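Coordinate inspection notes
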Amino acid sequence: MRRSSTFARQVLLVRVSRRDGDAATNLVLPERLADRPRRRYGLNRFGRGHLPLGRAEIEAVMPVSPALAPATPVDESPAMTIPLLPGERTAARRVKFALVNACTVASLMLGINAIFVAMAGETRVAALLLIACVAFDGLDGALARRFGVASPFGAQMDSLADMCSFGLAAPVVVYASLAGSAPTGAAAVAAALVAGCAAIRLARFNVSPKDGRFFCGVPTTMAAAVLALTVAIGLPLPPVVQIAGVALLAFAMVSSFPYAKLARLLKLPPWVWLAPVIGALVDIRLTFALVVVGYLVSGPLLWLHQRRTA
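Predicted model only: the values in this text are computed from it and were never measured. (Residues numbered from 1 in each chain as written. Predicted model: local features only at pLDDT ≥ 70, side-chain atom pairs only at ≥ 80, totals over all residues. Heavy atoms only, no water.)

Looking at the overall build of the protein chain
Counting its regular elements, the protein chain contains twelve helices and two strands. Put simply, the protein chain runs from its N terminus to its C terminus through helices and strands in the order α-α-α-α-α-α-α-β-α-α-β-α-α-α. In the protein chain, which comprises 310 residues, the proportion classed as buried is 30%. Expressed as a percentage of contacts within the protein chain between residues at least 6 apart in sequence, the contacts between residues at least 24 apart total 76%. (Helix = DSSP H or I, 4+ residues; strand = E, 2+ residues; numbered from the N terminus. Buried < 20%, exposed > 50% of the residue type's maximum accessible area, 1.4 Å probe, protein only. Contact = heavy atoms within 4.5 Å.)

Some remarks on the packing of aromatic side chains
In this structure the tally under the stated criterion is three aromatic pairs. Ring centres of Phe97 and Phe153 lie 6.1 Å apart, and the angle between their planes is 40 degrees; on these two criteria the pair is classed as tilted. Of the two residues, Phe97 is situated in helix H4 (residues 91-119) and Phe153 in helix H6 (residues 152-178); the sequence distance between them amounts to 56 residues. Here the aromatic rings of Tyr259 and Tyr295 are separated by 5.3 Å at their centres, their planes lie at 35 degrees, and the arrangement is tilted. Within this pair, whereas Tyr259 is found in strand S2 (residues 258-260), its partner Tyr295 is found in helix H12 (residues 284-309), the two being separated by 36 residues in sequence. What makes Tyr259 buried here is its relative accessible area of 2%. Given a relative accessible area of 14%, Tyr295 falls into the buried group. The cationic tip of Lys261 hangs over the ring face of Phe215; the distance from NZ or CZ to the ring centre is 5.1 Å. (Phe/Tyr/Trp six-rings, centres within 6.5 Å; stacked < 30°, edge-to-face > 60°. Lys NZ or Arg CZ within 6 Å of the ring centre and 35° of its normal.)

Let's talk about the layout of surface pockets
In this structure, the second largest pocket encloses a volume near 660 Å³. What lines the second largest pocket is a set of 29 residues, among which Leu237, Val241, Gln242, Gly245 and Val246 lie closest to the centre. Within the lining of the second largest pocket, the residues separate by chemical class into 22 nonpolar, seven polar and no charged. (1 Å grid on protein atoms, 1.4 Å probe; cavity = no way out; pocket = protein on both sides within 12 Å on 5 of 7 lines; lining within 4 Å. Points joined across faces, edges and corners; volume = space filled by probe spheres on them. Nonpolar A, V, L, I, M, F, W, Y, C, P; charged D, E, K, R; others polar.)

Observations concerning the environment of Pro171
Position of Pro171 relative to the elements: it lies in helix H6. Overall, the relative accessible area of 6% leaves Pro171 in the buried class. When the C-alpha positions of Pro171 and Ala188 are compared, they lie 8.8 Å apart, and in sequence the two are 17 residues distant.

Quick notes on helix H8 (residues 220-233)
In an α-helix, one full turn covers 3.6 residues, which means residues spaced three or four apart are oriented alike. Taking 1.5 Å as the rise per residue, H8 with 14 residues should run 20 Å; its terminal C-alpha atoms sit 20 Å apart, in good agreement. Turning to H8, its buried residues number three or more, namely Thr220, Ala223, Ala224, Ala225, Val226, Leu227, Ala228, Val231, Ala232 and Ile233. The inward-facing, buried residues of H8 contact helix H5 (123-147), H6, helix H7 (184-207), helix H9 (239-253) and H12. Two residues or fewer past H8, Gly234 is found with a positive phi of approximately 65 degrees. (Expected span 1.5 Å × (residues − 1).)

Quick notes on the nonpolar core
Ranked by size, the top nonpolar core spans 41 residues in total, and within it Leu130, Val173, Val218, Leu227 and Met253 carry the most contacts. Mapped onto this core, the elements with two or more residues apiece are H4, H5, H6, H7, H8, H9 and H12. At eight residues, the largest contribution of residues to this core is made by H8. With residues near it in sequence (within four places) discarded, Val218 still touches Arg201, Ala223, Ala252, Met253, Tyr259 and Leu296. Listed in part, the seven residues of the second largest apolar core include Phe97, Val100, Cys103 and Val149. (Core = buried A, V, L, I, M, F, W, Y, C linked by side-chain atoms within 4.5 Å.)

Some remarks on the packing of H8 against H12
Packing of H8 against H12 brings their axes to within 11 Å, and their N-to-C directions diverge by 160 degrees. One finds that H8 runs roughly antiparallel with respect to H12. Like other packed secondary-structure pairs, H8 and H12 cross with a definite hand, here left-handed. The segment H8 lies against H12, with Met222, Val226, Leu229, Thr230 and Ile233 engaging Arg285, Phe288, Val292 and Tyr295. Here the contact of H8 with H12 is built from residues that sort into seven nonpolar, one polar and one charged. (Axes fitted to C-alpha atoms, helices over the stretch in contact; angles between N-to-C directions. Parallel < 35°, antiparallel > 145°, perpendicular 65-115°, else oblique. Left-handed = near helix turned anticlockwise from the far one by under 90°.)

Let's talk about the side chain of Ser107
Among the secondary structure elements, Ser107 is positioned in helix H4. Beyond its immediate sequence surroundings of up to four residues, Ser107 is in contact with Cys133, Phe136, Asp137 and Ser165.

A word on the packing of helix H11 (residues 270-282) against H12
Orientation of H11 relative to H12, taken along the N-to-C sense of each, is 145 degrees, at an axis distance of 6 Å. Along the contact surface, H11 presents Pro276, Gly279, Ala280 and Val282, while H12 presents Ile284, Thr287 and Val291. Of the residues assigned to the contact of H11 with H12, the class counts are five nonpolar, two polar and no charged.

Set out below in structure tokens:
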């Protein structure tokens with residue numbers, strides 16, 4: 001027992017001195033202590049010399065002192081807090097910031113209620129709620145720019161609200177409107193395409209550089225407005241054509257075709273807007289269908305024009 005305790009103390013001494021990084025790294029065990037475990041455990045038959053095997057086995061069983069500090073440094077710096085509203089934090093700016101985000105939350109709430117109303121069978125009322133979502137979605141962005149309270153938080157909040165209102169509520173309303181008149185499986189696939197493509201479109205918009213003139217693909221707000229108006233006015237189209245149109249609109253959201261923004265469309269000559277206005281007075285359904293088709297076709301035409309002029 002005395003020999004074992006003496007040997008253990010020597011092992012601990014060597015281990016601690018090695019961890020402390022002092023001159024004991026070149027320490028050689030005394031010959032009598034080094035040969036003792038060889039004679040006791042029969043290590044002499046494996047090799048002699050400068051104790052290559054005995055030292056390796058000794059280091060393999062060396063205990064580590066719990067008093068030693070961890071090798072990896074711990075980062076004790078305090079966490080940084082990022083303000084939701086960058087810039088000057090006055091009471092007036094906070095009120096404006098709250099008003100803008102209230103519009104975003106209103107759009108989200110209207111979209112959730114559109115789902116509930118559509119599940120109850122009132123598809124036209126649900127479509128009107130979606131149109132109100134589109135109005136509040138455009139209002140929050142306009143107010144944020146006017147008040148100067150645009151922030152990364154507001155952008156993320158707007159994206160999440162768009163996904164709930166236009167990526168989930170719009171497909172549910174479309175599916176409820178097609179229930180009973182179109183094949184259930186086909187209607188479900190078309191609605192699911194709208195949800196998936198809306199998620200891809202919003203994620204791509206968040207990480208892509210912004211162009212002040214064109215959208216890359218049909219925006220989710222525009223797609224939801226088209227779907228809501230289609231249900232609200234009740235286009236007299238066969239169910240197969242409606243399902244194909246919904247799928248086409250979903251793929252247009254994730255396409256790379258350039259589509260003009262609303263601000264650019266408003267700068268067109270007044271006579272261009274005269275034809276749709278007169279057509280809406282004559283037959284609003286036909287005029288709406290022609291405007292939607294014309295807008296969808298404008299993307300590929302602009303893309304071809306850009307390739308030719310490049």
